[in-house]
Structures are given as structure tokens and as C-alpha cells.
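If you want the building blocks of each chain, they are given just below.
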Amino acid sequence: MKRRDFIKTASLGSLTASGIAAPAVVHAGKKIKWKMVTTWPKNFPVLGTGANQLAKLITEMTDGRIKVKVYGAGELVPAFEVFDAVSRGTAQMGHGSAYYWKGKIEEAQFFSTVPFGMNSQEMTSWLYHGGGMELWEQTYMPFGVIPAAAGNTTVQMAGWFNKQINSVDDLKGLKMRIPGLGGEVLKRAGGTPVNLPGGELFTSLKTGAIDATEWVGPYNDLAFGLHKAAKYYYYPGWHEPGTTLEAIINREAFEKLPKDLQVIVKNACKVVNQDMSTEFTAKNNSALETLINKHHVDLRRLPDDVLAKLKGLSEEVVLELANKNPAAKKIYQSYDKFRRQVTAWHDISEKIYFDVR
Ligand code: CA
């Protein structure tokens, strides 16, 4: 008998001996096998390994009562079919980001990131303590899916370009891989946004099928070798200022779990949510150094007038999304209210501190 099973049996025994009825169901011996499908290439740094870590944590924290097996993009289902696979129960869990499902649920994009919107710290605060999580749960409810925040990229980079961006006009005709709301903004600036899964970026950029791509930040971009496919590396990541990554869970599978396992699954997501953010911050530093000093990457800041143009268009795009349906409006109102409040606070705390330190 395993040690934990023994302890459980022993404590149940003493409860019964003291005259209190033992709980009716004890699943201690039952092994549950879950599949986790992901939108990332197998073992991809931070994103894929974060999903692996989540699976491992759930298995360890439940002492093997739940075994989670992770599948990379395309192994069981293609990247963009992860949500459907979890919804119909082909897999019990998934790992990705909500803006990948915009074709199915447009307002889900608010739960990934909003161009010129909240950063990772603010986004996580809205989800956990500002009502965001409840709205996210309602959004996925009709699909039989439960969401959890499970990672955050922190502020991304604007991306890799084979054309210089010196003015607003340079965005015209630009064929760029950029998903979500950022893609719509680029379209209104005259560009052509393309949505491609991570695994296809390098070749598309190298062959000239696209002029530019955004991906994540220095650490991931270096791992993909994007510096070998493009000349210029632009910042800041206006389009993804703190993208929340999500774990999604099939509701039926979740509800079948005993209460303690449900608590473990949800809290394992919280652990990974924190850990992936800090890993990105830690590893982006050294990766940026490598890109500049070893690979002599041409690092450039987007001009102010380009950023101002993109910001104006972003406001338009976000407001249109907010007005598409009552559900989107409700999410936007909550998001926007929190953003205003947290900005007022961060203007005299984080921001001023960054400026003066
Ligand atoms: Ca990105």
C-alpha cells in the first residue's frame, strides 16, 4: 500500500472510531488518465515545457491519481483544434491561448491580451481579483470547457522584419504573421495579417512568404532561430503587452473528479501561471544579450508616430469587438474599468518607479 493511501485509510479509520461517519466515496486507489493537447510544438521552450510542467505537477500533487500525458501540436490534433478537442472530450485538458479561438468565440480574445492594454501583472490581477475569471468561465460554459490562467508571456517584442519600419506608410502592404486583435489593427493600417502556428514561422519568413512575424520575446525567438530569417528586431510588443496562456479543462471530466483533485488541478494551473511568467522574465534577459552580442541582431524601436497610429487603430478595433454582442460588451466593460483603475495606481507606483530607479 502506498504511503499516502495508508495515511488516508488510517485517518478515515479514526474518524469512524470516534463516531463520525466516513465520507461515502474514496477514490484513493483509482487512477485517472488524462490527455493534454497543446497549441505548441512539443517541448517548445517555456510554452511547451510549461504545459509539461503543469501535467507533471498534477500527476505529482495527486500522487499519481491523475496521470496527464501531454501532446504537442499536431500529435493528436492540430494546434488550432485544441479547444474543440477539449470541448468534445477527445482530450480532458488543453494548453494554448484564448485568442486562437476567435473564429469560434470572438470575445475570448479579451482573455488573451488587448493591444495597448494591460500588462501581465495587471491582467492576472483582473482575472484573479477583478472579476475577469468569472466572465471567462461564463464565456466557455456553453462549450463544456473550464478555463484557467496558466502562464503569461509578459510584454512581447514587436517582431522580426525584413523591411524597415520608419513611418506609418511602411506598414502598407506588409505581410505579417500576427494573430488576434493586433492582426486586425495591422489590417487597418494597410497590412496583411496572417495567422500561422509557431512551427511554420521560420520557413515562411525565410522563404519570403511573409515579410515579418511576431512570436513572443527574445528567449522563444532565439530558440526558433528567427534571427537567421529576418534582418530587424523591433520593440515594443504593443499588440501583446502581457498575453495570458490558458489551461482548458473538459467540464464533464473535471466534475467527475473528487473535490480534492479538483482543487489540485486548479491550483496547479495557478502555480504554472506564476512560474511561466517569471521564467520568461528571467530568460528573456540573457537571450536578448545573446541576440545582440553573439548574433549582432539589429534591434530597433518602432517610431513614435507608428505607435501612435497603431494605438488609435487599436482603440477602434477593441471598441468594435466590445459592441459586437452583449457578452463582449460585458467583458469589455469589466476589463476597461479595471484597466483605468489599475493605470491610475500604476502611474504613481510601478511606472514612476521604473522612471526613477
Ligand atoms: Ca505573440
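My aim in this report is to walk through the structure given alongside it, one point at a time. Predicted model, so just to flag it, every value in this text is computed and none were measured.

Description of the environment of Met 157
Okay, step 1: Summarising the element assignment, Met 157 is placed in the loop between β4 (145-152) and β5 (159-161).
Okay, step 2: Note on Met 157: relative accessible area 11%, which makes it buried.
Okay, step 3: Each C-alpha atom of the pair Met 157 and Tyr 233 lies 8.0 Å from the other, and the pair is 76 residues apart in sequence.
Okay, step 4: Beyond its immediate stretch of four places on either side in the chain, Met 157 contacts Glu 214, Val 216, Gly 217, Pro 218, Tyr 233, Tyr 234, Tyr 235, Pro 236, Gly 237, His 239 and Leu 299.

Regarding the pattern of salt bridges
Okay, step 1: Summed over the entire model, instances satisfying the criterion amount to 19 salt bridges.
Okay, step 2: In this structure, Glu 255 engages Arg 251 in a salt bridge whose closest nitrogen and oxygen atoms are separated by 3.2 Å. You can see Glu 255 and its partner Arg 251 sitting in helix α9 (residues 251-256), four residues apart, about one turn around the helix.
Okay, step 3: Through salt bridges with shared partners, a single ionic network connects Glu 184, Lys 187, Arg 188, Glu 316 and Glu 320.

Describing the nonpolar core
Okay, step 1: Core analysis: the largest hydrophobic core is formed by 107 residues, its most contacted members being Trp 34, Leu 47, Leu 54, Ile 66, Trp 126, Tyr 140 and Trp 215.
Okay, step 2: Here this core takes nine residues from helix α10 (residues 259-294), the largest share from any one element.
Okay, step 3: When near neighbours in sequence (up to four residues on either side) are disregarded, Trp 34 contacts Ile 66, Lys 67, Val 68, Lys 69, Gln 92, Met 93, Ile 249, Ala 253, Phe 254, Leu 257 and Val 265.

Focus on the layout of surface pockets
Okay, step 1: Taken as a whole, the largest pocket encloses approximately 1500 Å³ of empty space.
Okay, step 2: The wall of the largest pocket is formed by 42 residues, among which Gly 117, Met 118, Asn 119, Val 155 and Pro 241 lie closest to the centre.
Okay, step 3: Going through the elements one at a time, α4 (120-129), α10, α11 (304-322), α12 (326-347) and α13 (350-356) are the ones with two or more residues in the lining of the largest pocket.
Okay, step 4: Looking at the lining of the largest pocket, the element that brings in the most residues is α12, giving eight residues.
Okay, step 5: The volume enclosed by the second largest pocket comes to roughly 230 Å³.
Okay, step 6: If you go around the second largest pocket, you meet 13 residues; those closest to its centre are Ile 32, Trp 34, Gln 92, Ala 253 and Lys 256.
Okay, step 7: Breaking the lining of the second largest pocket down by element, the ones donating at least two residues are β1 (32-38) and α9.

Cut-off values and rules
- Residues numbered from 1 in each chain as written.
- Predicted model: local features only at pLDDT ≥ 70, side-chain atom pairs only at ≥ 80, totals over all residues.
- Heavy atoms only, no water.
- Helix = DSSP H or I, 4+ residues; strand = E, 2+ residues; numbered from the N terminus.
- Buried < 20%, exposed > 50% of the residue type's maximum accessible area, 1.4 Å probe, protein only.
- Contact = heavy atoms within 4.5 Å.
- Salt bridge = Lys/Arg side-chain N within 4 Å of Asp/Glu carboxyl O.
- Core = buried A, V, L, I, M, F, W, Y, C linked by side-chain atoms within 4.5 Å.
- 1 Å grid on protein atoms, 1.4 Å probe; cavity = no way out; pocket = protein on both sides within 12 Å on 5 of 7 lines; lining within 4 Å.
- Points joined across faces, edges and corners; volume = space filled by probe spheres on them.

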